[in-house]
Amino acid sequence: MAELRLDGVEKRFGPIVAVDGVNLTVPPGTFLCFLGPSGCGKTTLLRLIAGLETPTGGRIDLDGRDVTGLPTHHRNIGMVFQSLALFPHLNVGENIAYGMRVRGLDKAAQARRIDELLDMVQLTGLAERNMAQLSGGQRQRIAIARALALEPSLFLLDEPLSALDAKLRETMQVELRILQQRLGVTTILVTHDQREAMTMSDMVAVMGDGRIQQVGTPLEIYRRPANAFVADFIGTTNMLDGIVDGNEVKIGGARFAVSDLPDELSDGDQVHLSVRPEEVLVTKAGCAPHPPGGRLEGTVAFVRDVGATIETHIDCGAVRLIAAASPKDRPEVRSGDRAMVSLPPDACVVLAK
Ligand code: ATP
């Protein structure tokens, strides 16, 4: 198990700043995802860590050792790419053994390790199989086995599951996570799929504009986004424009108590108020008592039943709010009804503009 440390890591391609001064510590054994929109620098950052690109600034430490100038094959890294990069002319065993052969391991040790790895990825006995005779999921497992053959300190994966169909992808996500936990190998996965990042990782690093916008557990990122970019990118949120006034935020004529106000904000500052749809409470207007917290009155635009949740869209003046509830907590409102929307103080996240 190794710790990875990035210190002011930067990569410029001419005028383009692909990675902009990234600082990050990945504790040993952690499964971390780089998550962000297309072009935010995820792949470039992974390639810098792998030694496939040279940084234009900063330093990379792996297991307490400065590896910034080291070539990939001296970093003890295992990698799986979206393309998998398996050799079609070699059979399964030969593909898995590739790195071991280069490293000069004797034939008997290679054969033992191939069997071990095939057991590990649940493909026992397939060493002689031709690559063309494997399914997409099986090829995926071979690529993972090959990357883990030399017991790397760091396991790097760049969107390895994106070519698989949705069902297989979910199965592979679970398998990969179980395997990673069993081996305890420090792992970084690049993905633009939020669900994948949130369900697989110990930590998520949300990237935007070449920078890490926030690092935290999936729940922290979701519940306490550090800024408007993260709040907007992760899941669905209601983003309202307001002004700080004491311990409250004013939105139009309404006032919203908030449980946490960032220290750097003061009266009169313009802010965003971010509230997740599942925290928004909707009642029929005039049906007191309404739940506690700041309230807005509006008209229900439509109600959408999406099976596991009921979404209610309410127009409150210039803003449209979305509330989500489970079918058993379905709000008693219909399209066209006047409704009262309550935002509980501990669900209101205040973000500087
Ligand atoms: P995606 O999810 O689409 O793969 P990404 O977040 O992985 O995107 P990168 O591939 O790291 O993003 O690219 C970050 C930025 O750097 C982009 O603006 C991209 O065009 C640029 N870039 C990446 N590689 C090069 C290169 N070799 N030469 C010039 N610009 C590059």
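Just so you know, these numbers come straight off a predicted model, no measurement behind them. (Residues numbered from 1 in each chain as written. Predicted model: local features only at pLDDT ≥ 70, side-chain atom pairs only at ≥ 80, totals over all residues. Heavy atoms only, no water.)

### A look at the layout of surface pockets
Argument step 1. In this model, the largest pocket occupies a volume close to 630 Å³.
Argument step 2. Along the wall of the largest pocket there are 21 residues; nearest its centre are Ile77, Met79, Tyr98, Gly99 and Leu150.
Argument step 3. Elements represented by at least two residues in the lining of the largest pocket include exactly strand E6 (77-80), helix H2 (92-103) and helix H4 (136-148).
Argument step 4. Of the residues assigned to the lining of the largest pocket, the class counts are 14 nonpolar, five polar and two charged. (1 Å grid on protein atoms, 1.4 Å probe; cavity = no way out; pocket = protein on both sides within 12 Å on 5 of 7 lines; lining within 4 Å. Points joined across faces, edges and corners; volume = space filled by probe spheres on them. Helix = DSSP H or I, 4+ residues; strand = E, 2+ residues; numbered from the N terminus. Nonpolar A, V, L, I, M, F, W, Y, C, P; charged D, E, K, R; others polar.)

### What to know about the site of the ligand
Argument step 1. Lining the immediate environment of the ligand, one finds Phe13, Ile16, Ala18, Pro37, Ser38, Gly39, Cys40, Gly41, Lys42, Thr43 and Thr44.
Argument step 2. Taking cysteine 40, its main chain carries an N or O atom lying 3.1 Å from an oxygen atom of the ligand.
Argument step 3. Here threonine 44 contributes a side-chain N or O atom positioned 2.5 Å from an oxygen atom of the ligand.
Argument step 4. Protein burial of the ligand: of its 630 Å² of free accessible surface, 60% is covered by the chains.
Argument step 5. Contributions of two or more residues to the shell around the ligand are made by strand E2 (16-26) and helix H1 (42-50).
Argument step 6. Counting residues per element, the shell around the ligand draws most heavily on H1, at three residues.
Argument step 7. Taken together, the residues of the shell around the ligand sort by class into five nonpolar, five polar and one charged. (Near = heavy atom within 4 Å. Polar contact = N/O pair within 3.5 Å; in protein donor to acceptor, adjacent residues only side chain to side chain. Areas by Shrake-Rupley, 256 points an atom, 1.4 Å probe, with all protein chains shown as cover.)

### Some words on the packing of H2 against H4
Argument step 1. Where H2 contacts H4, the axes come no closer than 7 Å and their chain directions differ by 30°. Comparing their axes, H4 and H2 come out roughly parallel. For the pair H2 and H4, the crossing hand works out as right-handed. Of the residues in H4, those in contact with Val92, Asn95, Ile96 and Tyr98 of H2 are Ile142, Ala145 and Arg146.
Argument step 2. In the contact of H2 with H4, the residues fall into five nonpolar, one polar and one charged. (Axes fitted to C-alpha atoms, helices over the stretch in contact; angles between N-to-C directions. Parallel < 35°, antiparallel > 145°, perpendicular 65-115°, else oblique. Left-handed = near helix turned anticlockwise from the far one by under 90°. Contact = heavy atoms within 4.5 Å.)

### So, the sheet that holds strand E9 (residues 203-208)
Strand pairing within a sheet occurs via backbone hydrogen bonds; the two strands may be parallel or antiparallel.
Argument step 1. Judged by pairing direction, the sheet is mixed, and its six strands sit side by side in the order E6-E7-E8-E3-E9-E10 without closing on themselves. At either end of the open sheet lies a strand with only one pairing partner, and these are E6 and strand E10 (211-216). When the angles between neighbouring strand axes are averaged without regard to direction, this sheet yields 20°.
Argument step 2. Note: E6 against strand E7 (residues 154-158), four bridges, orientation parallel. Each residue of the ladder has a partner; that of valine 80, found in E7, is leucine 157. (Pairing = 2+ DSSP bridges.)

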